[in-house]
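So the chains spell out like this:
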Amino acid sequence: MSYISDRSLHYPDAPFHDFNKGTIKLGVAMANITLAIQSAIKANNTPSKPCEDFLLVDEANQLFIVCDGVTRSQVNNIYPVPSPAYEVARIIADAFHEAFLTDADRTPEKMRHYAIIANQKVAEYNENVFTEIDYVENDLACAVAIFGMVKGNVFHYLYIGDCYGLTVLPDQSPITFTYPQTALLDAHKTEIGTGRDAIITIRRDIRNNKSHPYAYGAFTGEATALGFLESGHIALQVGQRVILSSDGLADYFSASPELLSSATPDKMIDGAEILEQAQNLRSDDKAVIVLDVR
C-alpha cells in the first residue's frame, strides 16, 4: 500500500508523515476490493447551539463527504438558528455531489473543480444573506470539509481546514493523512489576544490568507480559500480501514488509537463524548464515515 499527498502547503513540525518526501510503502494494493460503509452524526450537547456538521454518503458512486460548519458569533447574545454555518455545510456537500453527478468523467482529478463549484455556491449564499460583512456577528458563513472518492482500488481525498482523515491496517497504529490547518493559529492565539478585535483579526486577516504565518483555510466563497485545498491518494488493501470525520472526534482519535481499527462510528462518538465529559471539554458536533475494505 502507498500514500501519496499532493500537498500545496507546508506545515513545519507537523506531527504526521511528510508525504512530500516520498511514498510510504506499507504493503501492496489488492485487487477486487469491496467496501463496508458506516456513518454517524451527533449534535453537540449545548441546548442553544444547533448541529453544524453534515454528512453525505453516495455508496453507489463511492463518494463520501464530511462538512463541518464553522462556529458563528452570537447575535444579541443568541446563537443564530437556523445556523448559516450549517446551511453552507449542506450547500458545500450538495454542490460538490451535484457537480460530480453531472460530470461525465467523474475522475478524481476533477475533485478540485467540484470544490471550486461548491465554494462559488457559498459565495452566492453569503451575497444573498449578508449585506455587510463585519467579521463578527455578520461574518461570512463558512465550513471546512473532507471529500473522499474510491476509484478502482485507490482512495482519493481532498480537504480544507481541520477535518480529519485516518487509515488503519490490522495490528498497526493509525496514520493520519490530513493536518489540521488551524494548528498554528491555535498554538499562537495568545499573541493575537482576545475579544472582538481578535475575532476580526482571525477572520479578516488570517483566514484564507496564505501570506499570514498562521493562515488556515475554510470555504467562505472567497477565491483565496482554494489555495488551502489539500489532496492525495491511498492505495487500498483488504483489511484496511479509512476514517473521515469532523474535528469533534480529534481528541478521541488521539486518546484511543487502539480502538480505531474496530470501533463503529456510534462507538467512536460515544467515546468522544465520554472524553469530553471526563476532561471538561467543550461539546462539539461529531460526524464520521468509516470505510472498511473487504
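On a predicted model such as this, the values are computed, not experimentally measured, just so you know. (Residues numbered from 1 in each chain as written. Predicted model: local features only at pLDDT ≥ 70, side-chain atom pairs only at ≥ 80, totals over all residues. Heavy atoms only, no water.)

1. Structural notes on the overall build of the protein chain
Here comes step 1: A count of helical and extended segments in the protein chain gives seven helices and twelve strands.
Here comes step 2: Across the 294 residues that make up the protein chain, the buried fraction comes to 52%.
Here comes step 3: Summing over all exposed atoms, the protein chain offers an accessible surface of approximately 13100 Å²; the carbon and sulfur share of this is 50%. (Helix = DSSP H or I, 4+ residues; strand = E, 2+ residues; numbered from the N terminus. Buried < 20%, exposed > 50% of the residue type's maximum accessible area, 1.4 Å probe, protein only. Areas by Shrake-Rupley, 256 points an atom, 1.4 Å probe, with all protein chains shown as cover.)

2. Considering helix α5 (residues 196-206)
Here comes step 1: If you check which residues of α5 are buried, you get A198, I200, I202, R203 and I206.
Here comes step 2: Turning to α5, the residues buried within the fold contact α3 (183-187) and α4 (189-192).
Here comes step 3: Immediately beyond the C-terminal end of α5, within one or two residues, lies N208, with a positive phi of roughly 60°. (Contact = heavy atoms within 4.5 Å.)

3. Quick notes on helix α2 (residues 111-129)
Here comes step 1: With 19 residues, α2 ought to run about 27 Å at 1.5 Å a step, and its terminal C-alpha atoms sit 27 Å apart, in line with that.
Here comes step 2: Here α2 has its buried residues at M111, Y114, A115, A118, N119, V122, A123, Y125 and N126. (Expected span 1.5 Å × (residues − 1).)

4. Things to note about the side chain of R203
Here comes step 1: Inspection of the secondary structure assignment puts R203 in helix α5.
Here comes step 2: In this view, R203 contacts T71, R72, S73, Y135, V136 and D139; residues no more than four positions away in its chain are not counted.

5. Topic: the confidence of the model for the protein chain
Here comes step 1: Mean pLDDT over the protein chain: 91, with 89% of residues reaching 70 or higher.
Here comes step 2: Here residues 1-30 is a poorly scored stretch, pLDDT under 50, and it has 77 contacts once near neighbours within four places are set aside; other chains count. (pLDDT = per-residue confidence, 0-100.)

6. Here we look at the sheet that holds strand β9 (residues 175-176)
Here comes step 1: Pairing is antiparallel across the open sheet formed by five strands, whose spatial order is β3-β12-β11-β8-β9. At either end of the open sheet lies a strand with only one pairing partner, and these are β3 (35-42) and β9.
Here comes step 2: Where strand β8 (residues 164-168) meets β9, two bridges bridge the pair, whose relative direction is antiparallel. Of the residues in β9, the one forming a bridge with L166 is T176.
Here comes step 3: This element, helix α7 (residues 265-278), spans β3, β11 (241-245) and β12 (286-293) of the sheet and lies at about 140° to β12. (Pairing = 2+ DSSP bridges. Axes fitted to C-alpha atoms, helices over the stretch in contact; angles between N-to-C directions.)

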